[in-house]
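Structure assessment
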Protein chains: 2
Amino acid sequence: MEAISAVPQASRLTAIYRVTDTAANIAARAKAIAVEQSVEMPVAAITDAKILDDIVGRVEHVADLGNGTFEVRIGLAVATIGQDAGQLLNMLFGNTSLHPDVVLHDVEFPIELLTVFGGPRHGLAGLRAMAGAGARALTCSALKPQGLPPAGLASIAGQMAEGGLDFIKDDHGIANQTYSPFAARVPVIAEAVAKAGTRTVYLPSLSGHLEQMRAQIGVVRSAGLKGVLIAPMIAGFATFQQLVGDNPDLAFMAHPAMAGSGQIAPSLLFGKLLRLLGADAVVFTNYGGRFGYTPTICRDLAETALAPWNGIKPSVPVPAGGMTMARIPEMLQFYGPEVMLLIGGDLLSAGARMTGEAAKFQQAVMN
Amino acid sequence: MEAISAVPQASRLTAIYRVTDTAANIAARAKAIAVEQSVEMPVAAITDAKILDDIVGRVEHVADLGNGTFEVRIGLAVATIGQDAGQLLNMLFGNTSLHPDVVLHDVEFPIELLTVFGGPRHGLAGLRAMAGAGARALTCSALKPQGLPPAGLASIAGQMAEGGLDFIKDDHGIANQTYSPFAARVPVIAEAVAKAGTRTVYLPSLSGHLEQMRAQIGVVRSAGLKGVLIAPMIAGFATFQQLVGDNPDLAFMAHPAMAGSGQIAPSLLFGKLLRLLGADAVVFTNYGGRFGYTPTICRDLAETALAPWNGIKPSVPVPAGGMTMARIPEMLQFYGPEVMLLIGGDLLSAGARMTGEAAKFQQAVMN
């Protein structure tokens, strides 16, 4: 697998945009993006040489990809980002996200930013160790439907755990609703999972802002749990970054809610950005399910999430979104063993046969 | 101006999607969205009648808009949202945002959610009062470029304030960088603005997560300032909601960074969602500038932000993004006096003549 290269010069990262424009216009357009994503004002009105040299974005390269699409590489000063993941997103794509004809396609990070954000604290090897798994695919299911009280969700979780699944996560829609408050729900579900006597790891879904999420993590710790689910595009990148930094012993699974339909390239968003911020596993929508990613997008995403990257641990790719038991062999064939298979609805449809179906799911990855 | 209607039945909000699909497929597609945005599992596997009745999303109406576009109205249970703005976004569009053929076009809120979130604490009338303005358009400029040390930014702010502008905001790219840390920058700029002896209100830009933003607001208060700038799509909706609730005396201007290119309709995002969460003013990219909104989008957005809405205060529309002094008459003609004009780069280009140009800008809205 090809390693992700770090940018050699320490003071810039390279943001790579795919821009739809004309050949006549692309040079000016590239300069405009470089300005938009840095000083955002007429460069002619800047008199300070240090700002012109060190802060204004630099067009590093423009390549014609054909069909009216151009790849524009822009060097952005690391100094404008500091150590804040929210500001990283702001500088990479804040205003330019408003242009319908630009995709943030990729980013090359200098070592200093890799060090600031640090990547997964557990990653693939850590999650396998948590689940007591060797070099095999991992399994996961989702607790649903929202609306069930804690006891109802605990009953489902208990059956899934008895079946021996590696991970169970809350549905990302399960938050802190009155019909199933976080502090009441999590300990009851954790107990049901523990009672099964298997190694199943339960990941409750965090919601709200930093303070609320910290309180929820307190509940998670009291319940003896080892990880959580979070939707970084809703929580905010800075919130996600802080929680990962404060809780290096917990596993973080990232959910794709509000990731949008590709204006940030999926392999970049899931394989690099969320990984860089510390997602041990990244849930994404698999090809052939309820969503529109192609096999190529999914393969690129998984390969990027797993690629060697200057010591940053790999994030586990978690293809999901309407996956079925029937597709397990095909998915294992496609992704190999460095994957976590997430099957929710199809398993939940098993009703009274859920423990047995969960066991079958688990057995399918044990060979 | 037409009032924004609230949904009569208290237990549902109505999410309105624009979906590109075939006539043969749209009924099934609408049902799929209703499930995706609520229980996210096969409905046939749900046995609890209360969940089927109260929690599962309901297709309320499907209308053929022509050209392969359909309007799909879905009733989502308020109980799934609770009082969390992040969860509001999650339930409205979390997973469905991943579909490239769906736009979140509009939302009709029941009164109970209007009460939970509360809208702007100041709004148009409050910002006019802060600036000592009557029923006229307001003015605003932006401090740039980032890279300047506090003294350099303070010098520019001082000149703009001497010119008598109503508001000055930090460029949204100005965060907490080492070359101009928030705690060092804000008091110095505030002092320069105060020294001008005009009524100019300075809005520093918040960055990071809730805890960091709270510390920044502490600096803002110590400096005697009355408001802030925030980018809610980067900060996270829940963070924005909490800060507004905790600081009802401060004005909040919302910046559009990371708003994307229209998968959430601009009039909904700026005119309703950010307004509902408490944005006293909403910055958006005006037609005919560096960005792609049409005059129709801008007019809809401004009208929605100002429309009567069950006692929710109006947000001030702030068209921006490459606006020039030359366009002031045309913009006043287009928007009328219920607007804040934001001119950044064109004013910054005035160099030594900045105070005079700011005074001209201010004079243009005083008539």
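Residues numbered from 1 in each chain as written. Chains lettered and ligands numbered in written order. Predicted model: local features only at pLDDT ≥ 70, side-chain atom pairs only at ≥ 80, totals over all residues. Heavy atoms only, no water.

When helices and strands are tallied, chain A shows 15 helices and 12 strands. Relative to the 2.2 N^0.38 estimate, which gives 21 Å for 367 residues, the radius of gyration of chain A is 22 Å and therefore close to what a compact globule would have. For chain A, the spread of C-alpha atoms along the principal axes amounts to about 70 × 40 × 35 Å. Burial status across chain A gives 63% buried among its 367 residues. By sequence separation, contacts in chain A at least 24 residues apart represent 74% of the contacts at least 6 residues apart. Computing the positive centroid from 26 side-chain charges and the negative centroid from 30, chain A places the two 7 Å apart. (Helix = DSSP H or I, 4+ residues; strand = E, 2+ residues; numbered from the N terminus. Rg over C-alpha atoms; globule rule 2.2 N^0.38 Å. Buried < 20%, exposed > 50% of the residue type's maximum accessible area, 1.4 Å probe, protein only. Contact = heavy atoms within 4.5 Å. Lys, Arg positive; Asp, Glu negative; His and termini not counted. Charge placed at Lys NZ, Arg CZ, Asp CG, Glu CD.)

Another point: the interface of chain B and chain A. Across the contact, 67 residues belong to chain B and 67 residues belong to chain A. Overall, the association of chain B and chain A removes approximately 5,400 Å² of surface from exposure, summing both partners, and the carbon and sulfur fraction of that is 59%. The interface formed by chain B and chain A includes eight salt bridges. Residue A:R214 pairs with B:E211 through a salt bridge whose shortest N-O separation is 2.9 Å. For the interface between chain B and chain A, the tally reads 36 residue pairs in polar contact (both at pLDDT 80 or more). Secondary structure elements with two or more residues in the side of chain B that touches chain A: helix 3 (85-93), helix 8 (210-222), helix 9 (232-235), helix 10 (237-246) and helix 14 (345-348) of chain B. Counting residues per element, the side of chain B that touches chain A draws most heavily on helix 3 of chain B, at six residues. A class-by-class count of the residues in the side of chain B that touches chain A yields 30 nonpolar, 28 polar and nine charged. (Buried area = accessible area lost by both parts, 1.4 Å probe. Salt bridge = Lys/Arg side-chain N within 4 Å of Asp/Glu carboxyl O. Polar contact = N/O pair within 3.5 Å; in protein donor to acceptor, adjacent residues only side chain to side chain. Nonpolar A, V, L, I, M, F, W, Y, C, P; charged D, E, K, R; others polar.)

Moving on to the domain arrangement of chain A. Residue and element names in this part refer to chain A. Looking at the assigned domains, one finds that chain A contains domain 1 (12-117) and domain 2 (123-366). A separation of 33 Å is found between the C-alpha centroids of domain 1 and domain 2. Counting residues at the interface gives 23 residues for domain 1 and 15 residues for domain 2. With both chains or domains summed, domain 1 and domain 2 bury close to 1,500 Å², and 66% of this area falls on carbon and sulfur atoms. If you look at where domain 1 meets domain 2, you find one salt bridge. Here K272 ties to D106 by a salt bridge, and the two come within 2.8 Å at their closest N and O atoms. Joining domain 1 to domain 2, the criterion identifies nine residue pairs in polar contact (both at pLDDT 80 or more). Elements with a minimum of two residues in the side of domain 1 that touches domain 2: helix 3 (85-93), strand 4 (102-108) and helix 4 (111-117). Taken together, the residues of the side of domain 1 that touches domain 2 break down into 15 nonpolar, six polar and two charged. (Domains from an automatic or database assignment.)

The subject of this paragraph is the sheet that holds strand 6 (residues 167-170) of chain B. Within a sheet, neighbouring strands are paired by backbone hydrogen bonds and run either parallel or antiparallel to one another. All names here are of chain B. Here four strands make up an open sheet; going across it, the order is 7-6-5-12 and the pairing parallel. Single-partner strands in this sheet number two, and they are strand 7 (201-203) and strand 12 (340-342). In this sheet, neighbouring strand axes are inclined to one another by 25 degrees on average, regardless of whether the strands run parallel or antiparallel. In terms of strand pairing, strand 5 (residues 138-143) meets strand 6 through four bridges, oriented parallel. Note that in strand 6 the partner of C140 across the bridge is F167. Against the sheet, helix 6 (residues 150-162) makes contact with strand 5 and strand 6, and its axis sits at roughly 165 degrees relative to strand 5, the strand it touches most. The strands that helix 7 (residues 182-195) touches are strand 5, strand 6 and strand 7; relative to strand 7, the one it contacts most, it runs at about 160 degrees. (Pairing = 2+ DSSP bridges. Axes fitted to C-alpha atoms, helices over the stretch in contact; angles between N-to-C directions.)

This part covers the packing of aromatic side chains. All chains considered together, the criterion is met by 12 aromatic pairs over all chains. Note on B:F284 and B:Y335: the rings are 6.2 Å apart at their centroids and 70 degrees apart in plane angle, and the pair reads as edge-to-face. Linking B:F284 in strand 10 (residues 281-285) with B:Y335 in helix 13 (residues 328-335), this pair joins segments that are 51 residues apart in sequence. Centre to centre, the rings of B:Y287 and B:F334 are 4.8 Å apart; their planes meet at 55 degrees, and the pair counts as tilted. Residue B:Y287 is located in the loop between strand 10 and helix 12 (295-306), and its partner B:F334 is located in helix 13; the two are separated by 47 residues in the primary sequence. Judged by relative accessible area, which is 10%, B:Y287 ranks as buried. Cluster of aromatic residues (ring-pair linked, three or more members): A:F284, A:Y287, A:F334 and A:Y335. Over the ring of B:Y287 we find B:R327, and its NZ or CZ is 5.0 Å from the ring centre. (Phe/Tyr/Trp six-rings, centres within 6.5 Å; stacked < 30°, edge-to-face > 60°. Lys NZ or Arg CZ within 6 Å of the ring centre and 35° of its normal.)

Considering all chains together, one arrives at 34 salt bridges over all chains under this definition. Residues A:E36 and B:R290 are paired through a salt bridge, measuring 2.6 Å at the closest nitrogen-oxygen approach. Placement of the pair is A:E36 in helix 1 (residues 26-36) and B:R290 in the loop between strand 10 and helix 12, with the two residues belonging to separate chains. Since its relative accessible area comes to 7%, A:E36 is described here as buried. In the salt-bridge network here, residues are joined through shared partners; they are A:E36, A:E40, B:K144 and B:R290.

The subject of this paragraph is the packing of helix 10 of chain B against helix 11 (residues 266-277) of chain B. Residues and elements named next belong to chain B. In contact at an axis separation of 8 Å, helix 10 and helix 11 are set at 55 degrees when each is read in the N-to-C sense. Relative to helix 11, the element helix 10 lies oblique. Of helix 11, the residues touching helix 10 (which contributes F237, F240 and V244) are L269, L273, L274 and L277. Of the residues that constitute the contact of helix 10 with helix 11, the class distribution is seven nonpolar, no polar and no charged. (Parallel < 35°, antiparallel > 145°, perpendicular 65-115°, else oblique.)

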